Amino acid sequence: QVQLVESGGGLVQAGGSLRLSCAASGFTFSAYAVGWFRQAPGKEREFVGGIRWNGGTTLYADSVKGRFTISRDNAKITVYLQLNSLKPEDTAVYYCARRKRPFFSSTTATNDYDYWGQGTQVTVSS
């Protein structure tokens with residue numbers, strides 16, 4: 001079955017960095033875009049960034065542009081999210097998700113994704 005498993009979260013001071021990983025299984029990984037989302041307590045889940053199936057195009061939320069970088073290694077069936085210059089407002093549970101249709105680009109809408117990981121907590125202290 002389709003599975004996505006995030007890892008790499010933790011506690012970091014403001015200005016620090018983390019690298020999140022999203023390991024996939026159960027589907028043809030190289031055919032699907034993957035998105036990263038986050039959800040802070042009391043807030044709605046929001047788009048962070050996405051990457052096309054071939055890694056050729058990335059999309060970022062304005063709030064993270066220039067600080068976060070998405071990449072993928074199709075041979076390792078993994079998508080990465082590099083978080084730099086972290087701020088306390090980046091504190092959230094981070095999720096990766098599979099785009100519903102193969103060979104479609106990533107989008108910002110949660111409804112365009114069908115399988116989600118369990119999430120990994122990122123906490124940024126001031």
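Below you will find a few notes about this structure. All residue numbers here refer to positions counted from 1 along the written sequence of the relevant chain. Note on the predicted model: pLDDT of at least 70 is required for a residue's local features to be given, and 80 or more for side-chain atom pairs to be given and counted; whole-chain, interface and lining totals, by contrast, use all residues. Side-chain measures here rest on the full set of heavy atoms in the structure, leaving out hydrogens and waters.

1. Quick word on the nonpolar core
Okay, so step 1: The biggest cluster of nonpolar side chains holds 34 residues, and the ones touching the most others in it are W36, F68, V79, L81, L83 and Y94.
Okay, so step 2: Any two residues whose heavy atoms approach within 4.5 Å are treated as being in contact. Ignoring any residue separated from it by four or fewer positions in sequence, one finds L83 in contact with G16, S17, L18, L20, R67, F68, Y94 and V122. Throughout this description, the term nonpolar core refers to a set of buried Ala, Val, Leu, Ile, Met, Phe, Trp, Tyr and Cys residues connected via side-chain atoms within 4.5 Å. Burial status follows relative accessibility: with a 1.4 Å probe on protein chains alone, a residue under 20% of its type maximum counts as buried, one over 50% as exposed, and anything between as partly exposed.

2. Here we look at the sheet that holds strand 8 (residues 78-83)
Okay, so step 1: Reading across the sheet, the four strands line up as 1-3-8-7 and stay open at both edges, with antiparallel pairing between neighbours. For this open sheet the edge positions go to strand 1 (3-7) and strand 7 (68-73), each flanked by a neighbour on one side alone. Recorded for the sheet is a direction-independent mean angle of 15° between the axes of neighbouring strands.
Okay, so step 2: Should DSSP find at least two bridges between two strands, the strands are taken to pair. By definition, any uninterrupted DSSP run of H or I lasting at least four residues is a helix, any uninterrupted run of E lasting at least two residues is a strand, and each is numbered from the N terminus. Two elements, strand 3 (residues 18-25) and strand 8, share six bridges in a ladder whose sense is antiparallel. In the strand pairing of strand 8, A23 is matched with T78. All axes here are fitted lines through C-alpha atoms, helices being fitted over the stretch that makes contact, and every angle between N-to-C directions spans 0 to 180 degrees.

3. Observations regarding the side chain of S106
Okay, so step 1: When you line up the elements, S106 lands in the loop between strand 9 (92-99) and strand 10 (113-116).
Okay, so step 2: Look past the residues within four positions of S106 in its chain and what remains in contact with it is A33, V34, G50, I51, L59, R99 and Y113.

4. Describing the side chain of T120
Okay, so step 1: Among the structural elements, T120 can be located in strand 11 (residues 120-125).
Okay, so step 2: Given the relative accessible area of 11%, T120 is considered buried.
Okay, so step 3: As used in this structure description, the phrase polar contact means that two N or O atoms lie within 3.5 Å; if the pair is within protein, one of them must be able to donate a hydrogen and the other to accept it, and residues adjacent in sequence are counted only when both atoms belong to side chains. Polar side-chain contacts of T120 include one of 3.1 Å to the backbone nitrogen of G9.
Okay, so step 4: Once you skip the residues sitting within four places of it in the chain, T120 turns out to touch E6, S7, G8, G9, L20, A92, V93 and Y94.

5. A look at the pairing of strand 11
Okay, so step 1: Burial along strand 11 is one-sided: T120, V122 and V124 are buried, and none of Q121, T123 and S125, which face the opposite way, are.
Okay, so step 2: Inspection of the sheet shows strand 9 paired to strand 11 by three bridges, in the antiparallel sense. Residue pairing in the sheet places V93 in a bridge with Q121 of strand 11.

6. Looking at the pairing of strand 4 (residues 34-39)
Okay, so step 1: In terms of burial, strand 4 is largely enclosed, as five of its six residues are buried.
Okay, so step 2: As paired elements, strand 4 and strand 5 (residues 46-51) share five bridges and run antiparallel to each other. Bridging from a neighbouring strand, V34 pairs with I51 of strand 5.
Okay, so step 3: Looking at chain direction, strand 4 and strand 9 are connected through six bridges and run antiparallel. From the neighbouring strand, Q39 faces strand 9, where its bridge partner is V93.

7. Details of the pattern of salt bridges
Okay, so step 1: Whenever a carboxyl oxygen of Asp or Glu lies within 4 Å of a side-chain nitrogen of Lys or Arg, that contact is scored as a salt bridge. Within the structure shown, the criterion is met by five salt bridges.
Okay, so step 2: Salt-bridge contacts for D90 lead to R38; the nearest nitrogen and oxygen are separated by 2.9 Å. Placement of D90 in the loop between strand 8 and strand 9 and of R38 in strand 4 is noted, with a sequence separation of 52 residues between them.
Okay, so step 3: A salt bridge links D62 to K65; its shortest N-O distance comes to 3.1 Å.
Okay, so step 4: Accessibility expressed as a relative area gives 66% for D62, which makes it exposed.

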